[in-house]
Each structure stands twice: as structure tokens, then as C-alpha cells.
Amino acid sequence: MGKWQWGGTAGRAETGPHMSPLERFPMAVRIRRLGSSVTLLLCGLTVCPTPATAQDDTIGGDGYVHVAPNGTVLGVDPYYPTDGNGGYDVSHYDVALSYDPAARFLSAKTVVTAVTTQRLSRFNLDLRGLTVSGVHVDGVPATFTRAKEHELVVTPRTVLEEGATFTVTIVYCGRPQAEYTPRGWTGWRTSYTGGAFAAGAPHSATTWFPVNDTTADKATFRVTATVPRGWTVVSNGVREPGSATTWVENQPIAPSATMIGIDRYTVQESTAGDTPVLNAFAPGANAGPLAAKLPEVLGFLTGKLGPFPYSSTGGLYVPDRLGYAHPAQGRPVFGAGAGESALVQAAAAQWWGNKLAIKMWKDQPLPESFARYLAWLWDEERRGIAVEQRYQAAVRAADPAFWARKLSDPGKGREFSVSDKGVLMVHALRKHIGDEKFFAVLREFPEINDNWNQGWYDWELYVAAVADMDLKPFFTAWVDGTTAPTGFLD
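In this text the structure is predicted, and so the values were computed from the model without any measurement.

### Let's talk about the overall build of the chain
If you tally the helices and strands in the chain, you get 12 helices and 26 strands. Burial analysis of the chain (490 residues in total) assigns 57% to the buried set. About 19100 Å² of surface is accessible on the chain, with carbon and sulfur atoms providing 52% of the total.

Have a look at this one:
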């Protein structure tokens, strides 16, 4: 199977530069075939002045509005309508923080660099809890207030013109709090070791720095931490040259893919092929044998998916029970009891989940199901667990309640709960379109959508084009169906 290229010139995505090539042109036009193939910061009392009066058309929304390429307004995320914000696109986050583990107290300053997508007299950032003591826009003090559960509403002194690059500096402090979700806690957590770590989805980043909290607005990321002597900070990306406490991720990252850990870590560094590997183990995290499997796992995955998409990899291993492994970009977070399948799935999510990110949270089962299927392929090759037998056993065991869950719209809070059905859909698709076309989709959909956001509709268009088949009945039965997909099980 050769590689597919999406023709055309660059365009603006939704409300910013995030529209993938897959979205830009009609299918007949856009496919063509190629050849084969921190310092301690004092935090004062909250200041909450009333925002200045502004015209409605210059006020950024308190949710990220998705817009189709033809201009049709798709609306905000139906599960989390106030996630993200309107009126701007972030290009970079620079977080400087100081953390006192004994007091569990965070003092921080975040500088957000962004570009306006409209004239802005007022805009929002997302930040949960924590006390904001000051906000500056382009170095000038701005008024601000808090709204709802996570909105930081900022009114700059002067209106920002459309297309302008601007910076927002926020000084804040407090004791970060995790958020409970149906699958467990997410965000900033205190470990029983006395350290802290932040990871998870959908709302991890907002618990420790102000952010445009939507996967549709990726940005580069830098964090510098001041921690007690003998403590270590670990985050995404690589350590800045000459610094032991500054981490830089120069490849755009979704807020939900960020992570940070602060503890008395044991750090081990190595390589997997040409990729640097850094693993950090919190006290009591006896995960050395699991971490040692990562080079072999990456060798397997690069054979299926192509080169590793980030400049470094590794993992953060904590002794706390997390309920799930979080596939943070480049450096997933694993809790007690994490096993080999969790390691493979978190590594596979670097392609299917981070490199290729979702648009809205109802799309989450798509990449997660493929990442889980890659763990099935690993188990078949390395452990002799046949994928087909596993599939048939799961189909036989499935009851009406299992099939009743809709992959394309599982419901708020259930977006991570249907990949057991989704992984069966992936294998059924493989059997339906054949191995050659299936493995082309497996590798090439993340490859052509590097750093783009895609959903079910985009994926279905692509798969149908690669397979050169009418797949609507299959998608109706498996992706949108709520009963057993009769006719597409064998």
C-alpha cells in the first residue's frame, strides 16, 4: 500500500491554525496517490474588579467553538461546553513555579503567548481553584475576575486587534486540587510519598496553570520549577541545556497531554534507537522491569507506525494507584499495578492520541481503540495470544448492555469507557477491508495528520477512501450502532 498525500495549501482551522489537510478539500480533490511505499513567587490576595464594558462582538467566548471548513458553526464540545475559549490561539506556555511539598503549596507565574482571531476587549483562560493575584496583558495591568468553576476572565486595558500577537502573564498560588472523574482522579495529586504529580484527562492542566483547555489548540510548552534540595522535577520534552529544573516541549502539545512530577525520584537515562529515554521512579515505585521493556515496545511500534514522533520518551512511575496509565506526550505516567499492556497502549497513544489528537471528547474512543488494538497485536506477537481468538471470545461474551454503548457518542464521563467495544470494531474493520488496507490506515492516518485534530467523521472518510469501499453500513453498525453489529461480526 502506498502513501496518501493530501493536496492543497495551508488554511486556518476552525478558529485557528489547527485544521488538518483532511478537512480542507472535498474528498475527490484532496486525495492523490504517490509512489509505493521556578523561582519562588509571592502570591497576594485575589483582585476581582468588574470587567470593563465591551461590545459583544469583541468578547471572546467561554468555550471553544468548532467551525467546519465551509463556515458552518459546529458549536462547542457537547460534553464540556466551557472547555477552551474563543478569540485567540495559543502558541506557547511558559510556566515558572515553586512548590513546597510540606505545605502542599504552589506559587507560580504563567506567561501565555497567543494570537487573536478576532478583535478582543475581553477573553477567558481556564484555571481551576488557585488564587490569582495579578494579570498583565502585554506588560500592562489588566482587570480580571473569576466565573463558573474554572473561568479566568481577563479585560485588557486596550482592545486587542485581530491578528495581533500578545502575552498574558498570570501570577497565582494555592493548594492545587485534583478533579474526580468517573474513571478516577485527574490533575494535580499529592502522592503518599509526599511528592506531587499532575496528569490525566480531560482537565489536568487547568489544575496547575491557566490554559486554553481544548485539544484543538496545541502549543509549545516550557516549565521551570523550584523544589527543595534533593527533589527532582520531571515534565514533557527534554531538559533545557544547562538546567536541571527546566523542561521544554518544542512540539505542540494539547493541554490534556501535559504532565509534571515533583518528588525524590530515581532517574534513569538511556536510549531506544535514536530516541533519548528518561524514566523517573518515585520512592516505592518498583517498576524497573516494566520500564526496561520500553525499547522493545518502541521497536515493535515503530515497525507498525513509523518513527517515534517526539524528541524524547520514557515514563514517570509512581506508587499510587491511578486506575489508568495516562499517555502524556512523550512521557506517560504509570501507577502501581501498571502492566505490560498498559505500557504498550500508552506508548501507542503517542501516535494514536497525541500526534493524532481528537477534536471533541466524544471522539476519544477513536484513538484509544486503535492504541488498545496495538497492545493486542503486541500480545499476539510476543505472548502468543491470538487476536482472532481474543476477538471471538469477547464477541461471545458480549451482552446487550455491552453493545448498547455508542462508540461515536458514549456520553459525558464515559468517553474513556468504551474502548473494549472499540477494539473489537478495529479488528472487525481489519477483517472487513483486509490486512493490506487496514495496516495502511493504522500507520498512515496518524502520519498524514501529524499535529492535527481529527474526529470520527474525518476518519471514516479516510478509511473509505483507502479501502475504496462503501463502508457506511459498517460504520452505522459498529460506530453509531447500539445493538450487536449483525452482519459485521465474522
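### A short note on unusual backbone geometry
Here the residue pair A201 and P202 is connected by a cis peptide bond, since its omega of 10 degrees sits within 30 degrees of zero. Along the chain, the position of P202 falls in the loop between β15 (196–199) and β16 (219–226). Backbone geometry at R104 places phi at a positive 55 degrees, although glycine is not the residue there. Residue position: R104 is located in the loop between β5 (88–100) and β6 (105–116).

### Describing the sheet that holds strand β7 (residues 123–126)
If you trace the 3 strands from one edge of the open sheet to the other, you get β7-β11-β10, paired in antiparallel fashion. The open sheet has two edge strands, β7 and β10 (143–147), and neither has a second partner. For this sheet the average axis-to-axis angle between neighbouring strands, irrespective of direction, equals 30 degrees. Pairing analysis gives 5 bridges linking β10 to strand β11 (residues 151–155), with the strands arranged antiparallel. Of the residues in β11, the one forming a bridge with F144 is V154.

### Comments concerning the nonpolar core
Ranked by size, the top nonpolar core spans 70 residues in total, and within it L301, Y317, W352, L424, W459 and W478 carry the most contacts. At 9 residues, helix α6 (residues 365–383) tops the list of elements feeding residues into this core. Counting residues in hydrophobic clusters, the runner-up holds 59 residues, among them Y93, A142, V154 and I262.

### A word on the sheet that holds strand β20 (residues 260–263)
Judged by pairing direction, the sheet is antiparallel, and its 5 strands sit side by side in the order β13-β14-β15-β20-β17 without closing on themselves. Each having just a single partner strand, β13 (179–181) and β17 (232–235) make up the two edges of the open sheet. Strand-to-strand twist in this sheet, taken as the mean axis angle between neighbours without regard to direction, amounts to 20 degrees. Of the strand pairs in this sheet, strand β14 (residues 184–190) and β15 are connected by 4 bridges, and their pairing is antiparallel. Along β15, the bridge assignment pairs T190 with A196.

### Section: a nonpolar patch on the surface
Taken together, the side chains of V65, V73 and V76 make up a nonpolar region of the molecular surface, amounting to roughly 210 Å² of accessible area. Within the fold, V76 resides in the loop between β4 (73–75) and β5. What makes V76 partly exposed here is its relative accessible area of 30%.

### A look at the side chain of S312
Looking at where S312 falls in the secondary structure, it is placed in the loop between α4 (294–305) and β23 (313–317). S312 gets classed as buried once you look at its relative accessible area, which sits at 5%. Here G237 takes part through its backbone oxygen, which lies 2.7 Å from a polar atom of the side chain of S312. In this structure, S312 is in contact with G237, V238, T275, P276, G330 and R331, ignoring residues within four places of it in sequence.

### Considering the pairing of strand β12 (residues 165–174)
Of all 10 residues in β12, 7 are buried, a share of seventy percent or more. Bridge count between β6 and β12: 10 bridges; the pairing is antiparallel. By the bridge assignment for β12, V111 is matched with T169. Looking at chain direction, strand β8 (residues 131–137) and β12 are connected through 6 bridges and run antiparallel. Counterpart to V132 in the pairing with β12 is Y172.

### Re the packing of aromatic side chains
For the structure shown, the criterion picks out 31 aromatic pairs. Between F370 and W459, the aromatic rings sit 5.9 Å apart at their centres with planes inclined by 70 degrees, giving edge-to-face as the arrangement. Linking F370 in helix α6 with W459 in helix α11 (residues 456–467), this pair joins segments that are 89 residues apart in sequence. The burial state of F370 is the same as that of W459; both residues are buried. The lysine or arginine in question, R183, covers the ring of Y324, its NZ or CZ lying 3.6 Å from the ring centre. The aromatic ring of F402 is capped on one face by R405, whose charged end is 4.7 Å from the ring centroid.

### A word on the packing of helix α9 (residues 419–433) against helix α10 (residues 435–448)
Where α9 contacts α10, the axes come no closer than 6 Å and their chain directions differ by 135 degrees. One finds that α9 runs oblique with respect to α10. Taken together, the residues of α10 that come into contact with α9 (itself represented by V426, L429, R430 and I433) are D435, K437, F438 and F439. Of the residues belonging to the contact of α9 with α10, the class tally is 5 nonpolar, no polar and 3 charged.

### Description of α6
Given a rise of 1.5 Å per residue, 19 residues ought to cover 27 Å, and the 26 Å separating the end C-alpha atoms of α6 matches this to within 8%. Most of α6 sits inside the fold, with 14 of its 19 residues counted as buried. With its phi angle positive at about 75 degrees, G384 sits one or two positions after the end of α6.

### As for the confidence of the model for the chain
On average, residues of the chain score 88 in pLDDT, and 88% of them are at 70 or above. Predicted confidence is poor over residues 1–42, with pLDDT under 50, and the contacts of this stretch with residues over four places away or in other chains come to 118 contacts. Contacts from residues 44–55, a stretch scored under 50 in pLDDT, to residues over four places away or in other chains number 26 contacts.

### Some details on α9
Compared with an ideal rise of 1.5 Å per residue, which puts 15 residues at 21 Å, α9 spans 20 Å between its outermost C-alpha atoms and is within 8% of the ideal. In terms of burial, α9 is largely enclosed, as 12 of its 15 residues are buried. Looking at α9, one finds that the buried residues are S419, K421, G422, V423, L424, M425, V426, H427, A428, L429, R430 and I433. Buried-residue contacts for α9 involve α6, α7 (387–397), α8 (400–403), α10, α11 and α12 (472–478). Where α9 ends, the next residue or the one after it, G434, has phi of about 95 degrees, a positive value.

Here is what the cut-offs are and how they apply
Residues numbered from 1 in each chain as written. Predicted model: local features only at pLDDT ≥ 70, side-chain atom pairs only at ≥ 80, totals over all residues. Heavy atoms only, no water. Helix = DSSP H or I, 4+ residues; strand = E, 2+ residues; numbered from the N terminus. Buried < 20%, exposed > 50% of the residue type's maximum accessible area, 1.4 Å probe, protein only. Areas by Shrake-Rupley, 256 points an atom, 1.4 Å probe, with all protein chains shown as cover. Pairing = 2+ DSSP bridges. Axes fitted to C-alpha atoms, helices over the stretch in contact; angles between N-to-C directions. Core = buried A, V, L, I, M, F, W, Y, C linked by side-chain atoms within 4.5 Å. Patch = residues over 30% accessible without salt bridge, like charges linked within 9 Å, V, L, I, M, F, W, Y side chains within 5 Å. Salt bridge = Lys/Arg side-chain N within 4 Å of Asp/Glu carboxyl O. Polar contact = N/O pair within 3.5 Å; in protein donor to acceptor, adjacent residues only side chain to side chain. Contact = heavy atoms within 4.5 Å. Phe/Tyr/Trp six-rings, centres within 6.5 Å; stacked < 30°, edge-to-face > 60°. Lys NZ or Arg CZ within 6 Å of the ring centre and 35° of its normal. Parallel < 35°, antiparallel > 145°, perpendicular 65-115°, else oblique. Nonpolar A, V, L, I, M, F, W, Y, C, P; charged D, E, K, R; others polar. Expected span 1.5 Å × (residues − 1). pLDDT = per-residue confidence, 0-100.

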